[in-house]
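# Commentary on secondary and tertiary structure
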Amino acid sequence: MKIAVINSGSSSLKFKLFEMPSGRVIINKLVEHIGEPNSSVKNHFEAIESLHVNFADIDAVGHRVVHGGEKFRNSVLIDDEVIEAIKDLIPLAPLHNPANLEGIKVIRHKAPDTVQIAVFDTAFHATLPKEAFVYALPYEMYEKNQIRRYGFHGTSHAYLLQEAAALLNKKVQETNIITLHLGNGASACAIKNGKSCDTSMGFTPLEGLVMGTRCGDIDPAIALFMQNELGLSADEVDNTLNKKSGLLGLCGENDVRNIERRSDERAKLALDIMVRRIQKYIGAYMIVLEEVDAVVFSGGIGENSSYVREKVMNNKILKNIKSLVIKTNEELQIINECLWVLKNRKITQA
Ligand code: AMP
């Protein structure tokens, strides 16, 4: 059986084809600079053409879709209705969902009979209780405008849960952990009895931890001050908070390997601010969970930086908690989700 995983972004497309059940990677390709001036790849159709893959030969294609809103609580088989629903969610993920849809549509066009499955970054957090996902804003803004915490990195947190449960020798549904996906984008998740019950990213991936270029939590009035007093446009504020802040804004670069090597004050401060934010989330989630089997470190920083891990856990309270380092594998999680959808489909058809 052949299963492909596609991560279709606005200007890049990652494609991996797996032979299952062996897990052998048959094709691994990355197409970049899609639609950029001077690029030979004008659009997603050309990007997918450039892979030279016969999609009719593939049993299932799993797509990473960033936003599933409140509608999608699990991975689903893609049909016309699902495509419309992903389209309806574009206002919530204006950069990501259109690119994800492009990938889906091109493959539908090229191989209409090939099964496609959408795996949503938000779906793992569908179990958040209301007190975790409703913001203290006028309630109509939740009901009418869909403003709420959604959470992201769901495939990674879901994978880490499965792996952590196995390492802890516990059933998934009895596992209580705090997962830290610390990459260029970063989020924390409180998992109670195998279910996401709080997470640090919110309405968008901007909230929460200090990231490579995103600020994470700030006083929202700062955004208004930037507009009203500093004269920045809404787009400039967006760009500042998402692309010029975080570690990059604090010390001029966002590669933790380089920042760790530096001995200047600003580099040290950037890491201290990042570590303190992580500790604050762990503290908050310990209270939410009441019982914590382990803190799980993952993502490029969590997996590789013993400096960051030790700084985070070097605390009187945290010293008594087990910490695990698990290499995340979002592709494998997407494959597992595809297999789950295919199995359920067979059961429904039987
Ligand atoms: P990701 O987004 O998960 O690929 O993670 C990217 C981040 O991981 C970057 O900030 C890298 O600096 C960081 N990273 C990768 N390798 C190391 C390492 N050996 N030590 C510290 N940070 C690392």
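Calculation notes
Residues numbered from 1 in each chain as written. Predicted model: local features only at pLDDT ≥ 70, side-chain atom pairs only at ≥ 80, totals over all residues. Heavy atoms only, no water. UniProt positions renumbered as here; feature names shortened; annotations may be inferred. Pairing = 2+ DSSP bridges. Helix = DSSP H or I, 4+ residues; strand = E, 2+ residues; numbered from the N terminus. Near = heavy atom within 4 Å. Polar contact = N/O pair within 3.5 Å; in protein donor to acceptor, adjacent residues only side chain to side chain. Areas by Shrake-Rupley, 256 points an atom, 1.4 Å probe, with all protein chains shown as cover. Core = buried A, V, L, I, M, F, W, Y, C linked by side-chain atoms within 4.5 Å. Buried < 20%, exposed > 50% of the residue type's maximum accessible area, 1.4 Å probe, protein only. Contact = heavy atoms within 4.5 Å. Salt bridge = Lys/Arg side-chain N within 4 Å of Asp/Glu carboxyl O.

Going by an unreviewed UniProt entry, the protein chain carries the name Acetate kinase and comes from Sulfurimonas autotrophica. Looking at the protein chain in UniProt, the text filed under Pathway (unreviewed entry) is "Metabolic intermediate biosynthesis; acetyl-CoA biosynthesis; acetyl-CoA from acetate: step 1/2."

This part covers the sheet that holds strand β3 (residues 24–31). Pairing between the strands of a sheet is mediated by backbone hydrogen bonds and can be parallel or antiparallel. Ordered by their spatial adjacency, six strands build an open sheet running β3-β2-β1-β4-β6-β5, and the pairing between neighbours is mixed. Every interior strand has two partners, whereas the edge strands, β3 and β5 (76–77), have only one. Here strand β2 (residues 13–19) pairs with β3 via seven bridges, running antiparallel. Considered in β3, the bridge of L17 is made with I27.

Every residue close to the ligand is listed here: G183, N184, N254, D255, V256, R257, E260, G299, G300, I301, N304 and S305. Between the ligand and the protein, one listed contact pairs an oxygen atom with a backbone N or O atom of G300 at 2.9 Å. At 3.3 Å, a side-chain N or O of N304 approaches a nitrogen atom of the ligand. For the ligand, the protein covers 70% of the area, taking 510 Å² as the surface of the free molecule. For the shell around the ligand, the secondary structure elements donating two or more residues are α10 (256–261) and α12 (299–304). Broken down by element, the residue count for the shell around the ligand peaks at four residues, all from α12.

Within the largest apolar cluster, 51 residues are counted, with the highest numbers of intra-cluster contacts made by I86, L180, I278 and I282. At 11 residues, helix α11 (residues 265–289) tops the list of elements feeding residues into this core. Aside from chain neighbours lying at most four places away, what touches L180 is S187, A188, I278, I282, V295, V296, F297 and S298.

Attention now moves to the side chain of H125. Looking at the element boundaries, H125 is found in the loop between β6 (115–120) and α4 (130–133). By relative accessible area, which is 0% here, H125 ends up buried. Polar contacts involving the side chain of H125 include one to the side chain of S196, which spans 2.8 Å.

The next thing to look at is the UniProt feature "binding site: substrate" (unreviewed entry) in the protein chain. Within this structure's numbering, the places UniProt gives as "binding site: substrate" (unreviewed entry) are R64. Structurally, R64 can be placed in strand β4 (residues 60–65). With near-sequence residues (within four places) excluded, R64 lies in contact with I6, N7, N100, V119, D121 and I334.

Once that is clear, we can look at the environment of K29. Examined against the element boundaries, K29 turns out to sit in strand β3. Separated by 23 residues in the primary sequence, K29 and I6 place their C-alpha atoms 9.9 Å from one another. One polar contact links the side chain of K29 to the main-chain carbonyl oxygen of L51, over a distance of 3.1 Å.

Before going further, it helps to examine the pattern of salt bridges. With the rule as written, the count across this model stands at 14 salt bridges. Across the pair D80 and R108 runs a salt bridge whose closest N-O atoms are separated by 2.7 Å. Taken together, the residues span a long stretch of sequence, with D80 in helix α2 (residues 80–88) and R108 in helix α3 (residues 97–110) at a distance of 28 residues. Take D80: its relative accessible area is 52%, and that puts it in the exposed class. R108 sits in the partly exposed class, given a relative accessible area of 30%. With a shortest N-O distance of 2.8 Å, K311 and D272 are connected by a salt bridge. Of this pair, K311 sits in helix α13 (residues 306–313) while D272 sits in helix α11, and the two are 39 residues apart along the sequence.

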